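Results of the structural survey
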Amino acid sequence: MKKSTIWTIAIVMGLSFMGLLYLQLSYIEDMAKMKKEQFDESVYRALYQASHNLEMNETSRYLEKDLNAVERRAFRQDSVMVDGLDGSVRQSHQFSVAADDGTVYSSFQLNALEVRPANVPKAMILRKDKNSLAEASKSMQEVLRNRYIYQKALLDEVVYSILYTASEKPLKERVNFKMLDLDIHEELLNNGIDIPYHFTVSTADGREVYRCPDYSEKGQEHSYTQELFRNDPPSKMGIMKIHFPEINSYIFSGVRFMIPSIVFTGVLLVTFIFTIVIIFRQKRYSEMKNDFVNNMTHELKTPIASISLAAQMLNDDSVPKSENMMKHLGGVIADESKRLRFLVEKVLQMSMFDKKDAVFKKKEMDLNELLENIANSFTLRVEHTGGKIMMDIGAVDSSIYVDEVHFSNMIHNLLDNAVKYRDPERPIELVLKTWNDDKHLYFSIQDNGQGIKKENLKKIFDKFYRVHTGNKHDVKGFGLGLAYVKKVVDLHQGDIKAESEVGKGTKFTVSLPVIEIG
């Protein structure tokens, strides 16, 4: 699959996941906003009803109190009149309501007519009964009308008392705060809100007259205000403020069910990104393996061709078989066979490390001595190119516990790279140095070769990675040497660092733990 195709799929899928995540977050935000608006509306409705109940309770108290007082101030006058002509008896009941200063607010008179049947002829009884019913009906209407006037007078006085007396009292005398708290709680429950709340009551000018016992400042940034006694003069009104410490949890509880979907979407997004990274990594490895196959094919062709040519010469009777010729052909076959074996061993070593089947045979060795021996065996190859090897032995306690074969191969690989990547314009110079501290033993191999660019320096320990890739064969190799070096150092609990500057050379520094005695 082409890289552009992978990128297209990755971008489309990534944008789809991001869009899905954005829609979910937007939905949660809208739901939280809607929940908050519903909460606000319910709170204001509950506070308004609690305020209304407060006014109703005050009005009820005044009605009960003032009506009783007015009833005590009301008086009745009774009178009886006898008509001498027809013998009827008239009774009169007058009701009046008077203020303390003697002003009469209302009065009405109830007249009752009683007739003596013994003094009335029977012929007149029926006519009088009809007249009596009409008069009684008219009298009852008059009674009801006057009773209404009387009750209206009582109510007028109560309303006057509420308007001009109640508002003059201090706010803390007008409000039963315990009852107000119960009303608020009940109204909030009626509106579906059952979370803790704290409230205060203050005057219009901001003087606080009451604060609930368990008051706290938490959640005060989301407070609600309600006027008490709204119809009173502005200076006489009260202000009730209420806030909910757990409002965020309450709002959040309404959208909590969306959290798993966001988590799953996030997991899918991370998994997708991880998959894309793996795909690109595998593609890079595939390209490296292709380079490896190309380079390996080229590397194997040379020794095979040399061996084939030497074999043909041995089998060709036309070629004279002198002793020098036979020795030369035997040397060619031996060298090229050795080279083939070395290439195969490199591949097998990396395969063995990938399977974690490497078995080290560690033993105590002297690092200074090991480096000197390897340098001596490598001197001829360096001097053949016109260069030289210099030793700087500074390690006092140079004992290490390593596998001799793999550790020696690791040093050979570093020296081999220094020779392969030398600067052709100047003789190669290699400096091998050792030193130690309390916890680590160090050695470095520094050259004056071509150097490595910074963007390539962090990749040189990757398997199959080579600065020169594809069909460029000016430097032989498979990109396995430094990967093998890194693996050997890691398996010896050590560390390796590379420093390089293009045109000046490269320095590899290896640190190993010292042998702990006892």
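Think of each chain on its own: its residues are numbered from 1, step by step along the sequence as written. Given that the model is predicted, a residue must reach a pLDDT of at least 70 before its local features are reported, and side-chain atom pairs must reach 80 or more before they are shown or counted; all residues, however, enter totals for whole chains, interfaces and linings. Side-chain metrics rest on all non-hydrogen atoms present in the structure, leaving aside hydrogens and water.

1. Some points on the overall build of the protein chain
Tallying secondary structure elements over the protein chain gives 11 helices and 14 strands in all. Here a residue-residue contact requires only that any non-hydrogen atoms of the pair lie within 4.5 Å. Taking as baseline every contact in the protein chain between residues at least 6 positions apart, the subset at least 24 positions apart corresponds to 68%. Using a 1.4 Å probe, the Shrake-Rupley method yields the accessible areas, and only the shown protein chains count as cover for residues. With the model as given, the accessible surface of the protein chain reaches about 32400 Å², and the carbon-plus-sulfur share is 56%. Numbered from the N terminus, helices here are DSSP runs of H or I no shorter than four residues, and strands are runs of E no shorter than two.

2. Some points on the packing of helix H8 (residues 367-384) against helix H9 (residues 404-420)
Geometry of a packed helix pair, given as the angle between the helix axes and the separation of the axes. Angles shown run from 0 to 180 degrees and are taken between the N-to-C directions of axes, each axis being a line fitted to C-alpha atoms and, for helices, limited to the stretch in contact. Where H8 contacts H9, the axes come no closer than 11 Å and their chain directions differ by 40°. Here the hand of the crossing between H8 and H9 comes out right-handed. Of the residues in H9, those in contact with Leu-367, Leu-370, Leu-371, Ile-374, Ser-377, Phe-378, Arg-381 and Val-382 of H8 are Phe-407, Ser-408, Ile-411, His-412, Leu-415, Asp-416, Val-419 and Lys-420. Each residue is assigned to one class: nonpolar for Ala, Val, Leu, Ile, Met, Phe, Trp, Tyr, Cys and Pro, charged for Asp, Glu, Lys and Arg, and polar for all the others, Gly among them. Of the residues belonging to the contact of H8 with H9, the class tally is 10 nonpolar, three polar and three charged. A crossing counts as left-handed when the near helix is turned anticlockwise from the far one by less than a right angle, and as right-handed when that turn is clockwise.

3. Remarks on the side chain of Asp-403
Turning to its location among the elements, Asp-403 is positioned in strand E10 (residues 399-403). Burial classes follow relative accessibility: with a 1.4 Å probe on protein chains only, a residue under 20% of its type's maximum area counts as buried, one over 50% as exposed, and anything between as partly exposed. Counted as positive: Lys and Arg. Counted as negative: Asp and Glu. His and the chain ends are not counted at all. Whenever Lys or Arg places a side-chain nitrogen within 4 Å of a carboxyl oxygen from Asp or Glu, that contact is recorded as a salt bridge. Of the side chains with opposite charge, Lys-361 lies nearest to the buried Asp-403, which makes no salt bridge, at 7.3 Å. The term polar contact refers here to a pair of N or O atoms within 3.5 Å; inside protein, the definition further demands a hydrogen-donor-capable atom paired with an acceptor-capable atom, and it admits residues adjacent in sequence only when both atoms are side-chain atoms. Looking at Asp-403, its side chain comes within polar contact range of the main-chain nitrogen of His-406, at 3.0 Å.

4. Some words on helix H11 (residues 481-491)
Listed in full, the buried residues belonging to H11 are Gly-481, Leu-482, Ala-483, Tyr-484, Val-485, Val-488 and Val-489. Looking at the residues trailing H11, positive phi occurs at Gln-493, about 60°.

5. Brief notes about the pattern of salt bridges
Counting across every chain of the model gives 10 salt bridges. In this structure, Arg-45 and Glu-41 form a salt bridge, with 3.1 Å as the shortest nitrogen-oxygen distance. Of the two residues, Arg-45 and Glu-41 are both situated in helix H1 (residues 3-73); the distance of four residues between them amounts to about one turn of the helix.

6. Remarks on the sheet that holds strand E11 (residues 429-436)
Strands were regarded as paired on the criterion that DSSP finds at least two bridges between them. In space, the five strands of this open sheet follow the order E9-E11-E12-E14-E13, with mixed pairing throughout. This sheet does not close on itself; its edge strands, each paired only once, are strand E9 (388-393) and strand E13 (495-501). Neighbour-to-neighbour, the strand axes of the sheet open up by a mean angle of 15°, direction not taken into account. Bridging between E9 and E11 involves six bridges; their strand directions are parallel. Note on E11: the bridge partner recorded for Asp-392 is Lys-433. The sheet contacts of H8 involve E9, E11 and strand E12 (440-446), and relative to E9 the element is tilted by about 170°. Of the strands in this sheet, E11, E12 and strand E14 (505-513) touch H9, which is tilted by about 30° from E12.

7. Some words on the pairing of E14
With seven of nine residues buried, E14 lies mostly within the body of the structure. Pairing between E12 and E14: seven bridges, direction antiparallel. In the strand pairing of E14, Ile-445 is matched with Phe-508. Counting the residues that bridge the hairpin from E13 to E14 gives three residues, and of these Gly-503 lies at a positive phi of roughly 90°.

8. As for the packing of H9 against H11
Remark: H9 packs on H11, axes separated minimally by 9 Å, with the N-to-C direction vectors making an angle of 145°. Note that H9 runs across H11; the crossing there is left-handed. Touching His-406, Phe-407, Asn-409, Met-410, Asn-413, Leu-414 and Asn-417 of H9 are Gly-481, Leu-482, Tyr-484, Val-485, Val-488 and Val-489, all from H11. Of the residues contributing to the contact of H9 with H11, the split by class is eight nonpolar, five polar and no charged.

9. Notes on the sheet that holds strand E4 (residues 198-203)
For sheets, the rule is that strands pair by backbone hydrogen bonds, running either parallel or antiparallel. Within the open sheet, the four strands sit side by side as E5-E4-E7-E6. Their pairing is antiparallel. Strands with a single pairing partner mark the edges of an open sheet, and in this sheet they are strand E5 (208-211) and strand E6 (223-228). For this sheet, the mean inter-axis angle between neighbouring strands, taken without regard to orientation, is 20°. Relative to strand E7 (residues 238-243), E6 runs antiparallel, the two sharing six bridges.

10. Some details on the packing of aromatic side chains
Pairing of aromatic side chains requires ring centres within 6.5 Å, counting the rings of Phe and Tyr and the six-membered ring of Trp. Pairs whose planes differ by under 30 degrees are stacked, by over 60 edge-to-face, and all others tilted. Throughout the structure, instances matching the rule amount to 14 aromatic pairs. Pairing Trp-7 with Phe-280 gives two aromatic rings, centres 4.9 Å apart and planes at 45°, and the pair type is tilted. Linking Trp-7 in helix H1 with Phe-280 in helix H6 (residues 259-315), this pair joins segments that are 273 residues apart in sequence. Judged by its relative accessible area of 46%, Trp-7 falls in the partly exposed class. Ring geometry for Phe-407 and Phe-443: centres 6.1 Å apart, planes at 65°, overall edge-to-face. With Phe-407 in helix H9 and Phe-443 in strand E12, the pair connects residues that are 36 residues apart, well separated along the chain. What makes Phe-407 buried here is its relative accessible area of 1%. Looking at Phe-443, the relative accessible area reads 0%, which means it is buried.

Keep in mind these values describe shape, not function.
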